[in-house]
Amino acid sequence: MRVDLHNHTTLCNHAVGTTEEYIKKAIDLGIDIYGFSDHAPCKNKFDPKYRMDINSKKSYENDILFLKDKYQKDIKILLGYEVDFIEGDYNYDEILNGKNIDYLIGSVHFIPQFDSKYSLFNSNFWGFDNPEFIDQYQSKDITKIWEDYFQAVYCMVRSN
């Protein structure tokens, strides 16, 4: 069985092509289960450059549900979200509440930031895995980066 669950659409601003083109390619490649998992919207507009806007949530879900029905004989399509964990930042239930959501991917793309000089999205966090910030590694302690990352993963798991 071939499964591919980490796929974004153009709504999160770092993918190209239509959702239907993705499905047709997945069918051509023999994928059995294909899931869309755009970066979940955030009501406080955190990191808008790399996630869908809250106003696009309904059209995203409708598009995936339409394809799920249209291609049901060819491939199993799942509707999901990639949820960036930032402790205490927003109410996930309010954003992600929906009966049609099949799965969530928890991710940690932001860790605490103590040097506000480099803050792009939020004065308390920095996108440590974003190529835009690669120069920051020169001024940071790599051990501290890993500690902060694993602490954030730990908090995400404990948050359910």
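Quick notes on the rules
Residues numbered from 1 in each chain as written. Predicted model: local features only at pLDDT ≥ 70, side-chain atom pairs only at ≥ 80, totals over all residues. Heavy atoms only, no water. Helix = DSSP H or I, 4+ residues; strand = E, 2+ residues; numbered from the N terminus. Polar contact = N/O pair within 3.5 Å; in protein donor to acceptor, adjacent residues only side chain to side chain. Contact = heavy atoms within 4.5 Å. Pairing = 2+ DSSP bridges. Axes fitted to C-alpha atoms, helices over the stretch in contact; angles between N-to-C directions. Buried < 20%, exposed > 50% of the residue type's maximum accessible area, 1.4 Å probe, protein only. Arc of directions from axis to C-beta. Expected span 1.5 Å × (residues − 1). Phe/Tyr/Trp six-rings, centres within 6.5 Å; stacked < 30°, edge-to-face > 60°. Core = buried A, V, L, I, M, F, W, Y, C linked by side-chain atoms within 4.5 Å.

Visitor: Is there a simple way to explain the side chain of His39 in this structure?
Guide: Turning to its location among the elements, His39 is positioned in strand E2 (residues 33-39). Here Asp84 takes part through its side chain, which lies 3.0 Å from a polar atom of the side chain of His39. Ignoring any residue separated from it by four or fewer positions in sequence, one finds His39 in contact with His8, Cys12, His14, Tyr50, Arg51, Met52, Glu82, Asp84 and His109.

Visitor: Is there a simple way to explain the sheet that holds strand E4 (residues 103-107) in this structure?
Guide: Picture the strands of a sheet paired through backbone hydrogen bonds; they go either parallel or antiparallel. Judged by pairing direction, the sheet is parallel, and its 4 strands sit side by side in the order E1-E2-E3-E4 without closing on themselves. Where the open sheet ends on each side, the last strands, each with one partner, are strand E1 (3-4) and E4. In the sheet, strand E3 (residues 76-84) pairs with E4 via 5 bridges, with the strands oriented parallel. Opposite Asp84, over in E4, you have Ser107 as the bridge partner. In this fold helix H1 (residues 19-28) packs onto E2 and E3, with an angle of close to 150° to the strand it touches most, E2. Across the sheet, helix H2 (residues 57-70) touches E2 and E3, and the angle it forms with E3 is around 155°.

Visitor: Hey, could you run me through H1 in this one?
Guide: Residue pairs three or four apart in sequence face the same way in an α-helix, which turns once every 3.6 residues. Every buried residue belonging to H1 is among Thr19, Ile23 and Ala26, and all of these are buried. Looking down the long axis of H1, one finds its buried residues gathered within 65° of arc, a one-sided arrangement. One or two positions beyond H1, positive phi appears at Gly30, with a value near 80°.

Visitor: Explanation requested: helix H4 (residues 142-158) in the structure shown.
Guide: Its 17 residues give H4 an end-to-end C-alpha distance of 24 Å, which sits within 8% of 24 Å, the value for a rise of 1.5 Å per residue. Of all the positions in H4, only Ile145, Asp148, Ala152, Cys155 and Met156 are classed as buried. What you see down the axis of H4 is that its buried residues fit within an arc of 100°, all on one side. Set apart from the buried face of H4 by more than 90 degrees, the exposed residues are Val157 and Arg158. Buried residues belonging to H4 abut E4, strand E5 (111-112) and strand E6 (125-126). You can read the cap of H4 off the contacts: a side-chain oxygen lies 3.0 Å from the backbone nitrogen of Thr143, and it is on Asp141. In the stretch just after H4, Asn160 is the one whose phi turns positive, near 65°.

Visitor: I keep staring at the packing of aromatic side chains and nothing clicks. Help me out?
Guide: Two descriptors summarise a pair of aromatic rings, namely the distance from one centre to the other and the angle between the planes of the rings. Under the criterion given, the structure shown has 6 aromatic pairs. Summarising the aromatic geometry, the rings of Tyr60 and Tyr81 are spaced 5.2 Å apart at their centres and angled 55° between planes, so their arrangement reads as tilted. A residue pair is termed long-range when its members are at least 10 positions apart, and Tyr60 in helix H2 and Tyr81 in strand E3 qualify at 21 residues. The exposure class of Tyr60 is buried, given its relative accessible area of 1%. Connected via pairs of aromatic rings, a cluster forms that spans Tyr22, Tyr34 and Phe36.

Visitor: What exactly am I supposed to notice about the nonpolar core here?
Guide: Within soluble globular proteins, side chains that are nonpolar tend to cluster in buried spots. The biggest cluster of nonpolar side chains holds 18 residues, and the ones touching the most others in it are Ile23, Tyr34, Phe36, Tyr60, Ile75, Ile77 and Tyr81. Where this core is concerned, the elements lending two or more residues are H1, E2, H2 and E3. Not counting chain neighbours up to four residues away, the residues in contact with Ile77 comprise Ile23, Tyr34, Phe36, Ile64, Leu67, Lys68, Tyr71 and Asp102. Formed by 10 residues, the second largest nonpolar core is a distinct cluster that contains Ile111, Trp126, Ala152 and Met156.

Visitor: Where do I start with unusual backbone geometry in this structure?
Guide: One non-glycine residue, Asn13, lies in the positive phi region at around 70°. Mapped onto the fold, Asn13 is located in the loop between E1 and H1.

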